[in-house]
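Chains, contacts and geometry: an overview
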Amino acid sequence: MGEPILRVEDLTTRFFTEEGQINAVEGVSFDVEPGEVFGIVGESGSGKSVTALSLVDLVESPGRITNGSVWFREPALAARIREDDPDTAAADGEMVDLRRLDDNERRALRGTEFAMIFQDPMSSFNPSITVGTQIAEAVEVQRRATANPRAVRSRTQGFGLLKFLTTSMVPTVDYVSEESRDRAVELLDTVGIPDPASRATEYPHQFSGGMLQRAMIAQALATEPSVLVADEPTTALDVTIQAQILNTLGDLQAEYGMTTVLITHNLGVIARMCDRVGVMYAGEFVERGSLEDLFERPSHPYTEGLLGSSPALDNGDRRLQPIAGNVPSLLDEEMPDRCYFADRCPKAMSECLDKPPEFDADGSEGHRARCYLARDAYDPGDALPEGYFDES
Amino acid sequence: MSRDTPSVETAPTDRHGEALVSVRDLEKHYDTGVSLLDRLLGGGSNPVRAVDGVSFDINRGETLGLVGESGCGKSTVGQTILRLESPTAGSVSFDGDPLAERGDLTGFRRNAQILFQDPFSSLDPRMPVGESVRQPLEIHDWPWDGQGNPAERRHERVAELIERVGLSTTQLDRYPGEFSGGQLQRIGIARALALDPDFVVLDEPTSALDVSVQAQVLNLLADLQSEFDLTYLFISHDLGVIRYICDRIAVMYLGEIVETAPAEQLFTDPRHPYTEALLESVPRVDLQERERDIDPLAGDVPSPRNPPSGCRFRTRCPAVIPPDGLDIEQESFRAITDVRDRIADREIAVETTRDALAETTEGEPGEERVAARLYDRLVDVELPEPERRRVQEGLQAVAAGEWDRAAEHLRERYESVCETDHPTGQVSCHLFEQ
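Just so you know, these numbers come straight off a predicted model, no measurement behind them.

Rules of the game
- Residues numbered from 1 in each chain as written.
- Chains lettered and ligands numbered in written order.
- Predicted model: local features only at pLDDT ≥ 70, side-chain atom pairs only at ≥ 80, totals over all residues.
- Heavy atoms only, no water.
- Helix = DSSP H or I, 4+ residues; strand = E, 2+ residues; numbered from the N terminus.
- Buried < 20%, exposed > 50% of the residue type's maximum accessible area, 1.4 Å probe, protein only.
- Contact = heavy atoms within 4.5 Å.
- Areas by Shrake-Rupley, 256 points an atom, 1.4 Å probe, with all protein chains shown as cover.
- Pairing = 2+ DSSP bridges.
- Axes fitted to C-alpha atoms, helices over the stretch in contact; angles between N-to-C directions.
- Domains from an automatic or database assignment.

Quick look at the overall build of chain B now. Assigned secondary structure in chain B consists of 17 helices and 10 strands. Viewed in the frame of its principal axes, chain B has a C-alpha envelope of about 95 × 60 × 45 Å. In chain B, which comprises 434 residues, the share counted as buried stands at 51%. Long-range pairs, those at least 24 residues apart, make up 68% of the contacts in chain B between residues at least 6 apart in sequence. Put simply, chain B shows about 19800 Å² of open surface, and 45% of that area lies on carbon and sulfur atoms.

Given below as structure tokens:
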């Protein structure tokens, strides 16, 4: 394994709602190497989207990252921080911890080195500003940030009377420069939008879903990010459009060597795009490893179950092997003190009633699973009696 | 279990293979209404052609899959067959009787049920689920044999149904909010089966569910089908699911069925270029997936208000047939066709181009230069010399504002059978008509 560009350690995000504490992400750790596509797969409510938001620090109240670090490789910044304060905990070698940086540093880093693509392009654009202007704005932010790294504020930030008065009195003052507009058209061209110059002057509603998702990718590319976090980028799209977008993402990834964290529920998308994968269940990574590890020798029964319940296109006769039961609640008080999957697991044993630790599993280096079966072979004699969980 | 139609009681299994539902030239247009302004301007109405002349049979005991992308009209077909929407043309026969001739649809409604996509919005949130399942029994005044105490019989029937779909009778008094999506979909199935129908429309029944739960529901549906001898119309956009559950498959595109074939055949030997592209687009759960070269369809689905002439798929088709005598590569022909489509829709920003040119040079740019700039912007492939000239000439007419002349000039040389003739047949594509 090479030197990772992103190292997530023990990331924990909780939501403090009126119903109680929700453990959306619990002790998630993984490395991402430069230029690779790391996939996170899971069902709805498994915490994969919150993991994505936690990476780019976009978790909103009542949610909060309560523990863990997001290390990002940025040698220059790490050196500078250490110069200011030799005992700092925010730098480790060439890595800096995004969670321990001060706000300005973090914002500067997050805004330029990280970009995010969301699932629903229709609700991610401002409907009353042309697509070109919105992309140009992102370019402009980057441009100004490079010129003056300490003062990154876009016009989208800040409210108040003063702002209202200045914008209404001097409406001609344009935040976005002409060069940024030209760059926006270039970006639209890069992501494969035909006739980008005239499309740039259109509003989001004049775009189709697929075109708008391309525009969002263009916007994400505006800052030439090192890390792209894509949260279900094709889920809202039809399958033919999905194929277009995945091809575009793949091409851009190859061209710019961008590191990508791809979140999806679709194992096919994972198979098409990813080098390594983490499987999430009930807020935890239950298994992670290379694509081959997961598909050829899954260690965790949940991974096996996911594979067994996906209908295949090439074989219609196989009967699906569903996972019994339902996706569990993430409400703290309802979460048992055992393996969260045990009540749905066909191979649950008495050991599983303790919280299972993470084990190295067979396969490549870095193949790990949070299950006793990664270490020990399954013996049907150890199985819990049938109906064990029915009472509770 | 009792049935009200004696014919079914005698020997249902003997009639497998016979058409239970026959759909002929079914059409559903939504006219969004003509405003006064439209009328003053002399514009007619321009309805959304959601379903535009589809015909198929669903045989007893089989599952017919209806697959297509969003907006292709597949859900409208299901709802129009069940008369939840009334068709604007065409006919539906159920068990040999045309529905249009039946004055009273109660008997039909009893025998044909539907399961919707979203389990959260298809059950009344303020009604205990047991009551939701009992409601069809009450509405149709079950039991029809009149024996026993109706309330008790219904209670037993509800208990029997709820256990059959894998829930427990202790859950009957709970409200929908207390169940997960998969459980609610089971309750929806129990409700749909309450009157022991022959035919069930399953409208994206698992699209809202997670994959592990989806597999449970699909297996349940398959088991119930053989147990109660049901006929399904299974509507879905998910080709994997369709393959798993269907016997025959109809592929829809923009309000029309483009191909119908047995499931196995459709997946191993797709004929229509759209079916082929659709199958190719689905990412496989397979280690070799990354190496598979996908050539995805270009562009988007056109508007159903104004579908393309001839073959509706021609605007995205990778195999449009060039006119006789024109020897041209598909890629070049596609580029020319795209320019022609934009001219037909008047979707070329001539003014922007002219202004941009005027900024860089002195004086008003001539039509030839505007056309050359348009050509550079619109055509990104190398065209053979005669075609390049022809397209340039067309764009020159566009620059002069003569859209119709431009369209005509290009049509003369490039008109394809795909735009003039509407294809028909099991595989509605001109490639398969010769």
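Let's shift gears to the sheet that holds strand S5 (residues 97-98) of chain B. Two pairing modes exist for strands in a sheet, parallel and antiparallel, and in both the strands are linked by backbone hydrogen bonds. Residue and element names in this part refer to chain B. Judged by pairing direction, the sheet is antiparallel, and its four strands sit side by side in the order S2-S1-S4-S5 without closing on themselves. Among the strands making up the open sheet, the edge pair consists of strand S2 (48-59) and S5. Lying over the sheet, helix H3 (residues 74-81) contacts strand S1 (19-30), S2 and strand S4 (89-94), oriented at roughly 115° with respect to S1.

Now for the environment of Ile323 of chain A. Mapped onto the secondary structure, Ile323 of chain A falls in the loop between helix H13 (301-309) and strand S12 (359-360). For the pair Ile323 of chain A and Val56 of chain A, spaced 267 residues apart in sequence, the C-alpha to C-alpha distance is 32 Å. Not counting chain neighbours up to four residues away, the residues in contact with Ile323 of chain A comprise Tyr302, Gly305, Leu306, Phe341 and Arg344 of chain A together with Ser212 and Gln216 of chain B.

Right, let's talk about the domain arrangement of chain B for a bit. Taken domain by domain, chain B comprises domain 1 (19-280) and domain 2 (330-415). When each unit is reduced to the centre of its C-alpha atoms, the spacing between domain 1 of chain B and domain 2 of chain B is 48 Å.

Residues and elements named next belong to chain A. With respect to topology, eight strands assemble into an open sheet ordered S7-S8-S9-S3-S10-S11-S13-S12, the strand pairing being mixed. For this open sheet the edge positions go to strand S7 (114-117) and S12, each flanked by a neighbour on one side alone. In this structure, S12 lies alongside strand S13 (residues 368-369), joined through two bridges in antiparallel fashion. Note that in S13 the partner of Phe359 across the bridge is Ala369. This element, helix H3 (residues 103-113), spans S7 and strand S8 (227-231) of the sheet and lies at about 55° to S7.

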